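Listed here are the chains, written in short residue letters.
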Amino acid sequence: MRFIHHDLGQRTAGEVVEVTLSGSAANVRLMDSTNLSAYRSGRRHQYFGGLAQRSPVHLQIPHSGHWHVTVDMAGLRGQTRASVRILPSALPPLREVPLASIPSLIRPMPDDGLVDDDERRTTVWDVFISYASEDKDTIVRPLAHALQNRGLAVWFDEFELRIGDSLRRRIDHGLANSRFGVVVLSQHFFTKGWPNYELDGLVTKGIDGDQVMLPIWHNISKSEVITFSPSLADKLARNTAMHTVDEIADEIAKVIRSA
């Protein structure tokens, strides 16, 4: 019987073997050396696996030892090719720096409210969100509502801007009167004018070296952030690839309430 053979060598219990088939369904077997010898001879043998009708196939090494993968078409029509690899082991659990370890993220505000240019009293916002409009539906609006649902006052343009408002004045007012700054970094953000104006305002507040805003990386890598701003890449941040909107909102709310 013709078959494809991959010698995996000495493997450790728990490792995962990925077998990718190209062509027809095939019989995939994971065997130790003793059972491989029996298989070659057409004798009874034990294996892990079976008929694979979908690809890729994932098989876990049951115990440490020398292991092999075979792929054959016994009882089947057609032909197939196969590639085999050991999947990378999982990394240790990520231990992130808590937001509470950066006290400067929360700005102290007066208790008696503020007055804007029209002499109207206004509320101090807990969170100011800076973002590019293309990211509004996917991340920003859900985050703004999640924060609001946790009882926080959120400066988000849909909540605050009205027809006839001066955009720059309202942004400046929101920046000046917010306790916590969030900036959603993305490829869209990097090419925008207003978000970068807001970012400059947040960065200016931290000119003494304190971190006064929380970057949220959205569909970008660290190398892309470094290209945009090397200093920004070193800031404590959260990544939407690793955290849900609710998880980010919970952490922000916890920090603000404990300040």
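This structure is a prediction, so every number in the text was calculated from the model and none was measured. (Residues numbered from 1 in each chain as written. Predicted model: local features only at pLDDT ≥ 70, side-chain atom pairs only at ≥ 80, totals over all residues. Heavy atoms only, no water.)

1. Let's talk about the overall build of the protein
- Along the backbone of the protein there are nine helices and 14 strands.
- When the 259 residues of the protein are sorted by exposure, 42% land in the buried category.
- Long-range pairs, those at least 24 residues apart, make up 76% of the contacts in the protein with a sequence separation of at least 6.
- When the accessible surface of the protein is split by element, carbon and sulfur atoms take 50% of a total near 14,600 Å². (Helix = DSSP H or I, 4+ residues; strand = E, 2+ residues; numbered from the N terminus. Buried < 20%, exposed > 50% of the residue type's maximum accessible area, 1.4 Å probe, protein only. Contact = heavy atoms within 4.5 Å. Areas by Shrake-Rupley, 256 points an atom, 1.4 Å probe, with all protein chains shown as cover.)

2. As for the pattern of salt bridges
- Scanning the entire structure with this criterion turns up eight salt bridges.
- In this structure, Asp 246 engages Arg 150 in a salt bridge whose closest nitrogen and oxygen atoms are separated by 3.3 Å. Taken together, the residues Asp 246 in helix 9 (residues 245–258) and Arg 150 in the loop between helix 2 (136–149) and strand 11 (154–155) connect sequence positions 96 residues apart.
- Glu 251 is paired through a salt bridge with Arg 238; the nearest N and O atoms lie 2.8 Å apart. Here the residue Glu 251 occupies a position in helix 9, and Arg 238 occupies one in strand 14 (residues 238–239), the gap between them amounting to 13 residues.
- Residue Glu 251 is classed as partly exposed on the basis of its relative accessible area, which comes to 22%. (Salt bridge = Lys/Arg side-chain N within 4 Å of Asp/Glu carboxyl O.)

3. Regarding the packing of aromatic side chains
- Across all of its chains, the model carries four aromatic pairs by this definition.
- Pairing Phe 3 with Tyr 39 gives two aromatic rings, centres 5.0 Å apart and planes at 70 degrees, and the pair type is edge-to-face. Within this pair, whereas Phe 3 is found in strand 1 (residues 3–11), its partner Tyr 39 is found in helix 1 (residues 33–40), the two being separated by 36 residues in sequence.
- A residue is classified by how much of its surface remains accessible, and Tyr 39, at 4% relative accessible area, is buried. (Phe/Tyr/Trp six-rings, centres within 6.5 Å; stacked < 30°, edge-to-face > 60°.)

4. Let's talk about the sheet that holds strand 13 (residues 213–217)
- Read across the sheet, five strands follow the order 11-10-12-13-14 without closing on themselves; strand pairing throughout is parallel. In this open sheet, the two edge strands, each paired with only one partner strand, are strand 11 and strand 14.
- In terms of strand pairing, strand 12 (residues 178–185) meets strand 13 through five bridges, oriented parallel. Looking across to strand 13, one finds that Val 182 is bridged to Leu 214.
- Strands in contact with helix 2 are strand 10 (125–130), strand 11, strand 12 and strand 13; relative to strand 10, the strand with the most contacts, it is inclined by about 175 degrees. (Pairing = 2+ DSSP bridges. Axes fitted to C-alpha atoms, helices over the stretch in contact; angles between N-to-C directions.)

5. Some words on the pairing of strand 5 (residues 57–60)
- With burial as the criterion, only one face of strand 5 is covered, namely that bearing Val 57 and Leu 59; the residues His 58 and Gln 60 on the opposite face remain uncovered.
- The pairing of strand 2 (residues 16–23) with strand 5 spans four bridges and is classified as antiparallel. Within the sheet, the bridge partner assigned to Val 16 lies in strand 5 and is Gln 60.

6. Quick word on helix 2
- Every buried residue of helix 2 is accounted for by Lys 136, Ile 139, Val 140, Leu 143, Ala 144, Ala 146 and Leu 147.
- Directly beyond the C-terminal end of helix 2, a positive phi value near 85 degrees is found at Gly 151.

7. Remarks on unusual backbone geometry
- Here the amide bond leading from Ser 55 into Pro 56 is cis, since omega sits at 0 degrees, within 30 degrees of zero.
- Mapped onto the elements, Pro 56 comes out in the loop between strand 4 (48–52) and strand 5.

8. A word on the sheet that holds strand 4
- Taken in spatial order, the four strands line up as 1-6-3-4 in an open sheet, and their pairing is antiparallel. Two strands bound the open sheet, and with one partner strand each, they are strand 1 and strand 4. Between one strand and the next, the sheet's axes are offset by a mean angle of 15 degrees, whatever the strand orientation.
- In this sheet, strand 4 lies alongside strand 3 (residues 26–32) in antiparallel orientation, the contact comprising five bridges. What sits directly across from Leu 30, in strand 4, is Phe 48.
- On the sheet, helix 1 packs against strand 1, strand 3 and strand 6 (65–72) and is oriented at approximately 135 degrees with respect to strand 3.

9. Points about the side chain of His 243
- Inspection of the secondary structure assignment puts His 243 in the loop between strand 14 and helix 9.
- Excluding its chain neighbours within four sequence positions, the residues that come into contact with His 243 are Glu 96, Arg 238 and Ile 248.

10. Section: the pairing of strand 13
- Counting buried positions along strand 13 gives five out of five residues, so the element sits mostly inside the fold.
- Along strand 13, one buried face is formed by Met 213, Pro 215 and Trp 217 and the opposite face, lined by Leu 214 and Ile 216, is buried too.
- Bridging between strand 13 and strand 14 involves two bridges; their strand directions are parallel. Counted as the bridge partner of Trp 217 is Asn 239 from strand 14.

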